[in-house]
Amino acid sequence: MERGVYCLGYLGPRGTFSEVAAHRYCERKKCELVEYSSLEDILRGVASGMLEEGIVPVENSTEGSVGIVFDLLAGPYDLAVRGELLVPVVHSLLVRPGVALREIEKVLSHPQALAQCRGFLHKELPAAKWQECSSTAAAAVLVAGSKQPWAALAPAAAADVYGLEVLIQEANDCPDNMTRFWVIGREQLPCTAEVCKTSLVFSVCDRPGALYLVLREFALRDINLTRIESRPAKRRLGEYIFFLDFIGSTIDPAIQNLLLSDLKEITTGLKVLGSWGQA
Ligand SMILES: O=C(O)C(=O)C[C@]1(C(=O)O)C=C[C@@H](O)C=C1
């Protein structure tokens, strides 16, 4: 592939919500968009230097975190969070022209999308089977290429790309459905925006008050936390790592002191994922 100056990886094919996020991000810089069929491949592409950056979904307002991204950032890949974008997510039910709602036997989409439309599917298509695909647009491709009465949950814009029809405009259960995307690069960038966020992942000893002691450091400094979540440490059942986002930048000396000194002493492992301007 001929390489432009700046390659941004996203979850393809054309027509995904990730592509919407990628285009929004690229309004600010000239990008060459490179499509991938898995989030891990995007991170691997960034780590290997094939891509300058990748854009990945990390959190949805209905379904919560995209666990795989957090696991990969905490574990095998030493990558940096450099930005975030919030994208409104409206799932439409797409069919081949002429297919009616009562005929639909199977609904295809990304597992996040199926889950965000769970109520709609139970109510409107209780007998239809669900098939998970690598993305919403990948589901649209399969529906377009099949002779079966199938439907895809995908952005309405994917209908034009793949010659489908929008049967139901909005199938998501929550009207303000929104997904947060992170821009991932290799090195961390200094955040100088008016409001910065910083993300870290840490572990603590299994003893009373261990997590409290970490949170206390933030409370004492009047630092506002914006997200905290535990994920399995993948060693033993009941062992966790914690992901925490807060308002502040790693260029602030007080934050540097907190991360490099105070938190280091009361955690058993600490990795800063980066600072970026709040969306
Ligand atoms: O399949 C897509 O269109 C994507 O961009 C992926 C993805 C996700 O993984 O969360 C992005 C936004 C929506 O939450 C549903 C699916």
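Residues numbered from 1 in each chain as written. Predicted model: local features only at pLDDT ≥ 70, side-chain atom pairs only at ≥ 80, totals over all residues. Heavy atoms only, no water.

By the naming in an unreviewed UniProt entry, the protein chain is Prephenate dehydratase, taken from Syntrophaceticus schinkii. What the UniProt record of the protein chain gives under Catalytic activity (unreviewed entry) is the line "prephenate + H(+) = 3-phenylpyruvate + CO2 + H2O". In its Pathway (unreviewed entry) section, the UniProt record describing the protein chain reads: "Amino-acid biosynthesis; L-phenylalanine biosynthesis; phenylpyruvate from prephenate: step 1/1." (UniProt positions renumbered as here; feature names shortened; annotations may be inferred.)

1. Some points on the site of the ligand
Taken together, 13 residues are adjacent to the ligand, and F17, S18, Q116, T136 and T179 come closest. Measuring from an oxygen atom of the ligand, one finds a side-chain N or O atom of Q116 at 3.0 Å. Between an oxygen atom of the ligand and a side-chain N or O atom of T179, the distance comes to 2.9 Å. In isolation the ligand exposes 360 Å². Once the protein is present, 100% of that is buried. At the level of elements, α1 (17-26), β3 (53-60), α4 (111-116) and β11 (178-185) are the ones that each hand at least two residues to the shell around the ligand. Its residues assigned to classes, the shell around the ligand comprises four nonpolar, nine polar and no charged. Looking at which domains feed residues into the shell around the ligand, each of domain 1 (7-88 + 177-185) and domain 2 (92-168) gives three or more. (Near = heavy atom within 4 Å. Polar contact = N/O pair within 3.5 Å; in protein donor to acceptor, adjacent residues only side chain to side chain. Areas by Shrake-Rupley, 256 points an atom, 1.4 Å probe, with all protein chains shown as cover. Helix = DSSP H or I, 4+ residues; strand = E, 2+ residues; numbered from the N terminus. Nonpolar A, V, L, I, M, F, W, Y, C, P; charged D, E, K, R; others polar. Domains from an automatic or database assignment.)

2. Some details on the state of the cysteines
Summed over all chains, the structure comprises two disulfides. Here C26 pairs with C31 through a disulfide, and the sulfurs are 2.1 Å apart. The chirality of the disulfide connecting C26 with C31 is left-handed, given an S-S dihedral of about -100°. With a relative accessible area of 17%, C26 lands in the buried category. Across the disulfide, C191 is cross-linked to C196 (sulfur-sulfur distance 2.1 Å). For the disulfide bridge between C191 and C196, the dihedral angle about the S-S bond is near -85°, and by the sign convention the bridge is left-handed. C196 gets classed as buried once you look at its relative accessible area, which sits at 6%. Each disulfide of the protein chain joins two cysteines, and with those cysteines numbered along the sequence the arrangement is 1-2, 3-4. Not part of a disulfide, C7 finds its nearest cysteine sulfur in C31, a span of 9.1 Å. Note on C7: relative accessible area 1%, which makes it buried. (Disulfide = S-S within 2.5 Å. Buried < 20%, exposed > 50% of the residue type's maximum accessible area, 1.4 Å probe, protein only.)

3. Section: the pattern of salt bridges
Note that side chains of opposite charge can pair when their charged atoms are close. All chains considered together, the criterion is met by 19 salt bridges. In this structure, E84 engages K197 in a salt bridge whose closest nitrogen and oxygen atoms are separated by 3.2 Å. With a gap of 113 residues between them, E84 in strand β5 (residues 80-88) and K197 in strand β12 (residues 196-203) connect regions that are remote in the sequence. Given the relative accessible area of 6%, E84 is considered buried. For K197, a relative accessible area of 4% gives the class buried. Note that E239 and R235 form a salt bridge whose closest N and O atoms lie 2.6 Å from each other. On the basis of relative accessibility, which here comes to 59%, the residue R235 falls in the exposed class. Beyond isolated ion pairs, a larger network of salt bridges with shared partners links K29, E53, R82 and E187. (Salt bridge = Lys/Arg side-chain N within 4 Å of Asp/Glu carboxyl O.)

4. Considering the nonpolar core
Nonpolar side chains tend to gather and get buried jointly when the protein is soluble and globular. Counting 27 residues, the largest nonpolar core has L43, V56, L73, W182 and I184 as the members making the most contacts within it. Elements represented by at least two residues in this core include exactly β1 (7-11), β2 (32-36), α2 (39-48), β3, α3 (67-74), β11, β14 (240-247) and β15 (269-277). Looking at which domains feed residues into this core, each of domain 1 (7-88 + 177-185) and domain 3 (196-277) gives three or more. With sequence-adjacent residues up to four places away left out, L43 is seen in contact with V56, L72, L73, Y77, L79 and I184. Formed by 15 residues, the second largest nonpolar core is a distinct cluster that contains A210, F218, L244 and L270. (Core = buried A, V, L, I, M, F, W, Y, C linked by side-chain atoms within 4.5 Å. Contact = heavy atoms within 4.5 Å.)

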